[in-house]
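Coordinates in review
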Amino acid sequence: MKKWYGSTAAKIVAWTLLTISAVACVASIAVIAVMTEENVYKNSLEETKEAAFSNVSDRYSLLAMYNYYHGGSDANKEVFGNIGFEYGIIEAETLDELDLNSEKTYLERNFSEKVTAEDLHVYTMKITEDTSIDYKDGFLTGYAYMNNDARAWTSLYADKICYDDASGILYYKTEGDEYFPVQSVQFEWQGNIYFFYYNFEKEQYEQKLETVTETTVTTEADVKETAKEENAELSESEEAIASILEQRYFNFNMLEEQGDTRENWGNLLLDGVREIDAAELTPIDIERDGLYVTEERNYYLNENYSLMVNYGGNLAKHYIVVSIPPQEVEPGWSEDMFVQANTLVNLMYDWRYSVFAVCLISLLLGIGSFLFLLLAAGRRKDTEEIVPLFTDKIWLDVAFVLICVGELVLLMVMDAASYYLPDTPYLQLFVFAGLCMGWLLLWFILSFAVRVKLGKWWRNTLIYKVCTLIGRFLGMVGQNAGFLWGWILLMLFLAFCEFVGLVVFQYNTGMTLLLWFLEKVVLYVLIICGLVQMNQLKEGGEKIAAGDLQYKIDTNRMSLNLKRHGENLNSISEGMSRAVDERMKSERFKTELITNVSHDIKTPLTSIINYVDLLEKEEFNNATAEEYLEVLERQSGRLKKLIEDLIEASKASTGNLPVHLERLEAGVFMVQTVGEFEEKTKAVELDLQIKKPEQPIYIMADGRHFWRVIDNLMNNICKYAQPGTRVYIDMEEKGNKVEITFRNTSKYPLNISSEELMERFVRGDSSRNTEGSGLGLSIANSLMELIGGTFKLYVDGDLFKVVLEFEEAVSQE
């Protein structure tokens with residue numbers, strides 16, 4: 001089974017099987033629920049058919065009545081011409097005392113046989129002029145229902161608030177030039193708030209005694225008492241107004257009669273929603289201009305300043321639709337819902353038990369496919385490792401939110417389509433939306449499975465990242481608490497000052513702004529000072545890092561921890577300067593030691609070599625003595641070469657060798673130098689492969705030192721290269737650079753880095769079975785630096801590679 005986990009085809013098959021099984025399982029459960037609801041498992045086939053035919057008769061009866069009421073008999077003949085629905089329409093509330101076989105009883109019918117009440121299906125209803133019907137054909141997906149309140153509420157925008165001077169009534173004027181009395185008015189007079197409600201019978205405003213005021217004043221005596229308390233006296237007109245306001249019924253023109261014009265009324269609150277200055281009211285005269293005042297009383301003003309008016313409807317008479325249930329229905333499928341109901345009921349009874357098996361099989365198949373997809377998630381054919389997709393790298397919680405948003409969008413689209421596109425096949429739309437939602441959920445589950453297999457899935461969440469950042473921030477604060485505590489206290493102090501300022505001076509905007517400005521000035525000055533000091537520390541650190549060890553940071557004007565940090569940087573500079581001086585002193589001492597020791601050894605060694613040379617001229621008859629003499633000559637020569645290398649390495653590393661740069665033809669010089677090693681390379685079975693451009697290439701170098709570099713490299717190759725292999729020497733131009741590359745295969749394992757190989761006394765032959773001092777590469781590197789070139793060494797397994805790089809000398813000058 002594991003071999004299928006990485007197969008893309010197997011995953012597609014499993015995904016398809018899971019989809020099919022999910023659809024089959026959900027559909028079978030829905031069918032079982034429908035059959036249970038319809039009592040298929042309790043009732044007989046005939047009883048279920050009778051209930052289904054009754055449902056169809058109700059739908060057809062509603063449609064027949066609506067067509068008759070709005071279109072007459074011809075409309076029903078067109079609709080039911082090819083359908084076996086026999087019906088009759090009667091204008092009555094009950095069938096009692098009606099002759100069901102008399103033609104006069106019916107307003108319309110399409111059957112002629114004699115019937116009794118027991119033979120008929122009865123559907124009663126009442127129809128108004130505003131009755132609407134929503135009907136969709138089809139027994140399975142169709143529906144039919146009636147609405148008698150379709151035009152109940154209508155929205156009318158109240159574009160003007162008008163005042164009738166004659167009646168003293170306020171009106172809403174709508175776009176259709178209809179006038180609606182304002183039903184409640186609230187206004188203030190002499191510190192008291194009054195509420196008036198429009199009485200449609202009296203055509204006046206009526207005062208409600210539950211008026212709410214600050215001092216609960218609702219009578220003339222109370223008004224006068226309040227005026228005395230405020231050391232004020234009411235004028236005669238004011239006393240008259242107070243008397244008017246004490247009355248139960250009131251119109252606003254009563255105020256104008258006492259000289260209190262609209263301009264003095266102030267703001268009016270209409271119906272508890274809209275507030276308007278009384279001076280902005282539009283004056284009208286209802287009687288003079290013949291304006292239309294509505295007789296409707298069921299309306300209100302909404303928050304959008306629109307009037308919601310319930311026009312209601314005129315009731316028609318009661319009707320009864322009787323129909324003859326079909327006795328025999330043809331099998332198959334047609335537009336006749338009786339045929340559809342008969343076919344579907346028969347199908348339900350044929351499958352009422354088999355559907356359980358379909359549900360179980362699809363459930364098991366879906367579980368198996370789902371488990372396979374879980375196990376195969378992240379698997380690939382050519383590897384045992386878990387390989388995540390790019391979608392698996394999205395933060396898990398973000399992916400979950402995206403899934404939820406996607407599911408919600410699908411639900412909204414499905415709902416909008418069913419509302420705005422009523423002819424859309426809802427069942428197909430529901431199935432498609434359900435599949436998309438299921439696929440999104442399955443993708444999320446499989447992505448989560450991949451993350452679990454990779455381990456520590458919670459780390460790939462936005463919440464974890466945020467918590468980690470918060471934790472790091474708190475940890476950083478904790479680690480630097482000694483430095484930050486002063487700044488934290490300062491910030492807390494400033495925040496406290498702001499809070500106190502807001503509380504104390506909340507009603508004094510000028511003082512609050514002044515304190516805020518001063519606090520910001522102090523804060524920004526401190527921040528700028530801190531930033532300036534940090535910048536000084538940064539610049540000082542950069543200069544010290546660049547090698548200026550004598551640079552000192554001025555810490556005189558720095559504060560607290562920043563000053564200590566600057567002093568530490570100055571101390572580091574001094575310490576580094578001492579360390580460099582000590583290192584230079586050590587290098588000089590080492591060089592002088594090598595030079596002096598080499599010179600001290602060289603003098604007695606010269607005497608040994610000379611005496612060996614004299615002994616070689618003598619004749620010995622002892623073969624052993626001649627063999628010892630040969631060893632002595634070889635080892636003394638080796639020691640002489642080592643001393644010369646030591647002296648040269650010391651001079652090269654300290655730059656004490658004279659350099660005479662000249663323009664050299666690099667190709668010719670390289671071939672001549674390498675050619676001197678032709679016999680030596682053949683002796684160790686090495687095949688030299690030299691490659692250089694045909695045109696001459698010139699470089700600036702010291703010929704003697706350049707020859708020594710190539711000599712050291714060729715000696716190194718002859719000693720350590722694998723016999724029977726090729727040695728490649730290439731020269732090429734790269735821009736304004738000339739590169740000479742030496743490559744060979746080592747006969748010893750190079751378990752050492754290129755940096756170590758270039759150190760003194762380090763040899764590739766760790767067992768030291770070959771002759772050599774371990775100074776050749778170090779000398780070559782030092783000489784290349786002296787003559788202005790670069791020496792690069794690379795080791796890759798047993799491959800040994802050296803690249804010499806020079807600046808190209810273009811002209812003779």
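Residues numbered from 1 in each chain as written. Predicted model: local features only at pLDDT ≥ 70, side-chain atom pairs only at ≥ 80, totals over all residues. Heavy atoms only, no water.

**What about the overall build of the protein chain?**
Across its full length, the protein chain holds 22 helices and 26 strands. Counting the 813 residues in the protein chain, one finds 36% classified as buried. Carbon together with sulfur atoms contributes 56% to the accessible area of the protein chain, which is approximately 49600 Å² in total. (Helix = DSSP H or I, 4+ residues; strand = E, 2+ residues; numbered from the N terminus. Buried < 20%, exposed > 50% of the residue type's maximum accessible area, 1.4 Å probe, protein only. Areas by Shrake-Rupley, 256 points an atom, 1.4 Å probe, with all protein chains shown as cover.)

**What about the confidence of the model for the protein chain?**
Per-residue confidence for the protein chain gives a mean pLDDT of 79, with 81% of residues at or over 70. Confidence over residues 210–221 falls short of pLDDT 50; this stretch has 20 contacts with residues more than four positions distant or in other chains. Counting contacts from residues 226–232, a segment whose pLDDT is below 50, to residues more than four positions away or on other chains yields 3 contacts. (pLDDT = per-residue confidence, 0-100. Contact = heavy atoms within 4.5 Å.)

**What to know about empty space enclosed by the protein**
Scanning the model with the defined rule gives 1 cavity of 30 Å³ or more in all. Within this model, the largest cavity holds a volume of roughly 30 Å³. The element that contributes the greatest number of residues to the lining of the largest cavity is strand β9 (residues 184–189), accounting for 3 residues. Of the residues that constitute the lining of the largest cavity, the class distribution is 4 nonpolar, 1 polar and 2 charged. (1 Å grid on protein atoms, 1.4 Å probe; cavity = no way out; pocket = protein on both sides within 12 Å on 5 of 7 lines; lining within 4 Å. Points joined across faces, edges and corners; volume = space filled by probe spheres on them. Nonpolar A, V, L, I, M, F, W, Y, C, P; charged D, E, K, R; others polar.)

**Observations concerning the pattern of salt bridges**
All told, the structure shown has 13 salt bridges when counted by the stated rule. In this structure, Lys 173 and Asp 177 form a salt bridge, with 3.0 Å as the shortest nitrogen-oxygen distance. The class of Asp 177 is partly exposed, set by a relative accessible area of 47%. Salt-bridge contacts for Asp 289 lead to Arg 288; the nearest nitrogen and oxygen are separated by 3.1 Å. Look at Arg 288 and you get exposed, because its relative accessible area is 63%. (Salt bridge = Lys/Arg side-chain N within 4 Å of Asp/Glu carboxyl O.)

**Let's talk about the sheet that holds strand β11 (residues 204–207)**
Taken in spatial order, the 6 strands line up as β12-β11-β10-β9-β13-β14 in an open sheet, and their pairing is antiparallel. Each edge of the sheet is formed by a strand with only one pairing partner; in this case those strands are β12 (249–250) and β14 (274–277). In this sheet, β14 lies alongside strand β13 (residues 267–270) in antiparallel orientation, the contact comprising 4 bridges. Directly across from Asn 267, in β14, lies its bridge partner Asp 277. The sheet strands contacting helix α6 (residues 236–246) are β9, β10 (192–199), β11 and β12, and the helix crosses β9 at an angle near 150°. (Pairing = 2+ DSSP bridges. Axes fitted to C-alpha atoms, helices over the stretch in contact; angles between N-to-C directions.)

**Topic: the packing of aromatic side chains**
Across all of its chains, the model carries 29 aromatic pairs by this definition. With 5.2 Å between their ring centres and 40° between their planes, Phe 252 and Trp 265 make a pair best called tilted. Residue Phe 252 is located in the loop between β12 and α7 (253–257), and its partner Trp 265 is located in the loop between α7 and β13; the two are separated by 13 residues in the primary sequence. Every member of this aromatic cluster is reached through a ring pair, and the members are Tyr 163, Phe 180, Phe 187, Tyr 194, Phe 196, Tyr 198, Phe 200, Tyr 205, Phe 250, Phe 252, Trp 265 and Tyr 299. Here Lys 202 stacks its cationic end above the ring of Tyr 249, 5.5 Å away from the centre of that ring. A cation over an aromatic ring shows up here: Arg 274 above the ring of Tyr 305, its NZ or CZ 4.7 Å from the ring centre. (Phe/Tyr/Trp six-rings, centres within 6.5 Å; stacked < 30°, edge-to-face > 60°. Lys NZ or Arg CZ within 6 Å of the ring centre and 35° of its normal.)

**Some remarks on the nonpolar core**
Core analysis: the largest hydrophobic core is formed by 39 residues, its most contacted members being Leu 170, Tyr 205 and Phe 252. Per-element tally for this core: the top contributor is strand β6 (residues 153–164), with 5 residues. In this structure, Phe 677, Ala 721, Leu 750 and Leu 783 belong to the second largest nonpolar core, which totals 38 residues. (Core = buried A, V, L, I, M, F, W, Y, C linked by side-chain atoms within 4.5 Å.)

**Overview of the side chain of Asn 716**
Structurally, Asn 716 can be placed in helix α20 (residues 703–720). Here Asn 716 is in contact with Ala 721, Leu 777 and Phe 800, once residues within four sequence places are set aside.

**Some thoughts on the packing of α20 against helix α22 (residues 776–786)**
α22 packs onto α20 with a crossing angle of 155° between their chain directions and a minimal axis gap of 9 Å. The angle between α20 and α22 places the two elements in the roughly antiparallel class. The crossing of α20 and α22 is left-handed. Contact residues: His 705, Arg 708, Val 709, Asn 712, Leu 713 and Asn 716 in α20; Gly 776, Leu 777, Ile 779, Ala 780, Leu 783 and Met 784 in α22. Tallied by class, residues from the contact of α20 with α22 come to 7 nonpolar, 4 polar and 1 charged. (Parallel < 35°, antiparallel > 145°, perpendicular 65-115°, else oblique. Left-handed = near helix turned anticlockwise from the far one by under 90°.)

**Observations regarding a nonpolar patch on the surface**
On the surface, Trp 485, Trp 487, Ile 488, Leu 489, Met 491, Leu 492, Val 522 and Leu 526 cluster together into a nonpolar patch covering about 780 Å² of accessible area. Mapped by element, the contributors of at least two residues to the nonpolar patch are α14 (481–504) and α15 (509–545). Looking at the nonpolar patch element by element, the count peaks at 6 residues for α14. Tracing the sequence through the fold places Met 491 in helix α14. (Patch = residues over 30% accessible without salt bridge, like charges linked within 9 Å, V, L, I, M, F, W, Y side chains within 5 Å.)

**Some thoughts on unusual backbone geometry**
Phi is positive for Asn 39, which is not a glycine, with a value near 60°. If you trace the backbone, Asn 39 turns up in the loop between α2 (8–37) and α3 (45–71). According to the relative accessible area criterion, Asn 39 is partly exposed, its value standing at 30%. At Glu 685, a residue that is not glycine, the phi angle is positive and equals roughly 60°. For Glu 685, the position within the fold is in the loop between α19 (678–683) and β21 (687–691).

**Topic: the environment of Leu 373**
Note that Leu 373 resides in helix α10 (residues 354–376). With residues up to four places along the chain from it excluded, the contact list for Leu 373 reads Lys 11, Ala 14, Trp 15, Leu 18, Leu 442 and Leu 446.

**Some thoughts on α20**
Across its 18 residues, α20 extends 26 Å between first and last C-alpha, which sits within 8% of the 26 Å expected from 1.5 Å per residue. Of all the 18 residues making up α20, 15 are buried; the element is thus mostly covered by neighbouring parts of the structure. Sitting at the head of α20, Asp 702 places a side-chain oxygen 3.0 Å from the backbone nitrogen of Arg 704. (Expected span 1.5 Å × (residues − 1). Polar contact = N/O pair within 3.5 Å; in protein donor to acceptor, adjacent residues only side chain to side chain.)

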